Amino acid sequence: MIRTNPGAGAVRMALVAALLLATVLLAAGRAPAAARGLAQGEECAADATASGGSPAAGAAAAASPAAAAEAAPPNVAFLPKDVENPYFVTAAGGAQEAADEIGGEFQQVGPAAASASEQVTYIQTLTQQGVDAIVVSANDPDALAPSLQEAMAQGISVVSYDSDVAPDARMAFVNQADSEEIGRSQVRIMGRLLSCEGEIAVLSAASTATNQNAWIGFMEDELTKPGYENLELVEVVYGDDDQQRSYDRTVELLTAYPDLAGIISPTTVGIGAAAQALEAEGRGGDVQLTGLGLPNELRAYVESGTIQEFALWNPIDLGYLAYYTAAALVDGTITGTAGETFEAGRLGSYTIGEGGEIVLGPPFVFTAENIGEFDF
Ligand code: RAM
C-alpha cells in the first residue's frame, strides 16, 4: 500500500498505531528483532520469487581473452555520481583491474558531492581532452544528456553504469542488476521483516537519481499487490547520498511517524547513515532497516541487529564490466545494439539487451550468516 492522501493516511496511521499498540501490549514490550517477521522464503505476495546468485560468482568464470585486448589500448574516464562515495571508490578498483588487463588507461573524475551540474562541467572537460570513452553514473538523466551527446558527436564512446542517462545520450548502459528485481526484492525483504504489516518509508539518494527512482517505482508497484494491504509506504525522503543529510532525514522520519516500523534505503550512503541514526536514537532493531549497502560498511550494524538483511551486487565487478564495455565500444567490437556480444575478461561473455542494456547479474541478499564471506 502507498500513502497518497495525507488525510486518509492519518486515519490509517491511527488504525495501524492502534494495531501496533495492541501488538506491543500483547508482547509486553518490544519483541527482539530476530523474533519478528516471516521466515526466509515466506513472502507477502504470492507471486514473489527469491533473489539468487552470489556477487562472488562472477569471479569464478573462466578467463577468456577480451576482443578489446587486441586493439589499441583505450583511454577511459569514469565519472561517478560523486568521487567520495565508497561505492564508486570500490567500483573504480574493478575498472582499474580491467584497464590493467587490457593495457588501457583509467582515470576517475567527478564532483565531491552528488551534483548533476558539476558532472556536466566534467563531461565538457573530458570532451576537450579527447578521451576515448566516458563511463558515467548520472545524478540526473536529462541534465547530462546535451553534453554527452556533444561528446558522442566528437567520436567519444559514452557508457552509463549504475545510474542511466537518457537512452539517446549514451551507447550502452551497464546495469548492476535488473531494476525491477532490485526494486521488488527490497519490498519483499521489508515485508518479510515486518510480517507484511506496518508503516514504512524510503530514504533515497538524490531526487533526480535515475537508478533510485526506477527502483522506487517498482517498490511502489510491488506494494499494490495483494498481500501488502497492511504494509504502508508513508513517505519517500531524499538524503542526496550525503551522510549528514541522510542521517537528518532519518531522524525527521522517526519524529514525523512515531509508529514507523521500517525504512528501506536503496543507497549505500543512506542505509549506513540510517543505521547510525537508528542506533543513536535507540531505535535499532525496533525500526527495521534494509536497503542496498556495502558489506564492509554495514557489518557492525548487522552484528548489532539493526540490520537483518540488505542487498547489493559486487561493485568491483560493476566497474570491471563497465570498463570492458567501454573498451569494446572503442575498438568497434560492439556498437551498443541489442544482440551484440563481447568478452569481459574474468566475467566471461555478455550480450547487449534491449535499449542497449547490459546486466551484471542478480542482486544478492546479505545476512548475519553470510556477510563474513564478503570483503568489499
Ligand atoms: C549509492 C549510489 C549508487 C547506488 C548504490 C546502491 O552508492 O546512489 O548509485 O547504486 O548506492
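Student: Is there a simple way to think about the overall build of the protein in this case?
Tutor: Secondary structure assignment for the protein yields 10 helices and 14 strands. Relative to its full complement of 376 residues, the protein shows a buried share of 51%. Residue pairs in contact within the protein that sit at least 24 positions apart in sequence constitute 78% of those at least 6 positions apart.

Student: In this structure, what is going on with the packing of helix α2 (residues 86–102) against helix α10 (residues 315–330)? I would like to understand it.
Tutor: Packed helix pairs are characterised by how far apart their axes lie and by the angle those axes make with each other. Running from N to C, α2 and α10 point in directions that differ by 45°, and their axes come no closer than 6 Å. As far as their axial angle goes, α10 and α2 are oblique. Of the two elements, α2 crosses α10, and the hand of that crossing is right-handed. Contacts between α2 and α10 pair Y87, T90, A91, A92, G93, G94, A95, E97, A98, A99 and I102 from the former with P315, I316, D317, L318, G319, Y320, A322, Y323, Y324 and A327 from the latter.

Student: Looking at this model, I keep getting lost on unusual backbone geometry. Mind explaining?
Tutor: Leaving glycine aside, a negative phi is the common case for residues, and trans is the common case for peptide bonds. Phi is positive for D162, which is not a glycine, with a value near 70°. Relative to the elements of secondary structure, D162 occurs in the loop between β4 (157–161) and β5 (172–175). Of note in the backbone geometry, D241 takes a positive phi value of approximately 55° without being a glycine. When you line up the elements, D241 lands in the loop between β7 (231–238) and α7 (243–256).

Student: Whenever I open this one, the confidence of the model for the protein confuses me. Can you help?
Tutor: The predicted structure's coordinates, where accompanied by low pLDDT, should not be read in detail. With 83% of its residues at a pLDDT of at least 70, the protein reaches an overall mean of 88. Segment residues 5–36: pLDDT under 50, and 21 contacts once partners within four positions in sequence are set aside and those in other chains are kept. Across residues 57–69 the pLDDT falls below 50, and counting only partners more than four positions away or on other chains, this stretch makes 32 contacts in the model.

Student: Explain the nonpolar core here, please?
Tutor: Across soluble globular proteins, you tend to see nonpolar side chains buried next to one another. The biggest cluster of nonpolar side chains holds 108 residues, and the ones touching the most others in it are I134, V135, V159 and Y323. By residue number, the principal contributor to this core is α10, which donates 12 residues. Looking at which domains feed residues into this core, each of domain 1 (17–53 + 183–313) and domain 2 (67–177 + 315–365) gives three or more. When neighbours within four sequence positions are excluded, V159 is seen to be in contact with A133, V135, R170, M171, A172, V174, A322, T325, A326 and L329.

Student: Sorry if this is basic, but what is going on with the site of the ligand here?
Tutor: Lining the immediate environment of the ligand, one finds 13 residues, of which Y87, A205, T267, T268 and L292 sit closest. Split by residue class, the shell around the ligand holds four nonpolar, six polar and three charged. Summarising the domain contributions, the shell around the ligand has at least three residues from each of domain 1 (17–53 + 183–313) and domain 2 (67–177 + 315–365).

Basis of the calculations
- All chains use their own residue numbering, which begins from 1 and follows the written sequence.
- Owing to the predicted nature of the model, reporting of local features is limited to residues with pLDDT of at least 70; listing and counting of side-chain atom pairs is limited to 80 or more, with chain, interface and lining totals taken over all residues.
- Per the convention used, a helix needs a DSSP run of H or I reaching at least four residues, while a strand needs a run of E reaching at least two, with both numbered from the N terminus.
- Three exposure classes are used, based on other C-beta atoms lying within 10 Å of a residue's own C-beta, which is placed from the backbone: buried for 20 or more, exposed for 12 or fewer, and partly exposed in between.
- Contact criterion: two residues are in contact if their C-beta atoms, reconstructed from the backbone, are within 7 Å.
- Lines are fitted to the C-alpha atoms to define the axes, a helix being fitted only along its stretch in contact, and any angle between axes, read from their N-to-C directions, falls within 0 to 180 degrees.
- Orientation categories follow fixed angle ranges, with anything under 35 degrees roughly parallel, anything over 145 roughly antiparallel, 65 to 115 roughly perpendicular, and all other angles oblique.
- Crossings are assigned a handedness: left-handed for a near helix turned anticlockwise from the far helix by less than a right angle, right-handed for a clockwise turn.
- For every residue, the pLDDT score states the predictor's confidence, bounded by 0 at the bottom and 100 at the top.
- Note on terminology: a nonpolar core is a set of buried residues of type Ala, Val, Leu, Ile, Met, Phe, Trp, Tyr or Cys, with members joined through C-beta atoms within 7 Å.
- Domain limits in this description derive from either an automatic procedure or a database domain assignment.
- Near, for a residue, is defined by distance from a backbone-placed C-beta atom to a molecule or strand, with 6 Å as the limit that must not be exceeded.
- Each residue is assigned to one of three groups, with Ala, Val, Leu, Ile, Met, Phe, Trp, Tyr, Cys and Pro labelled nonpolar, Asp, Glu, Lys and Arg labelled charged, and all others, Gly among them, labelled polar.

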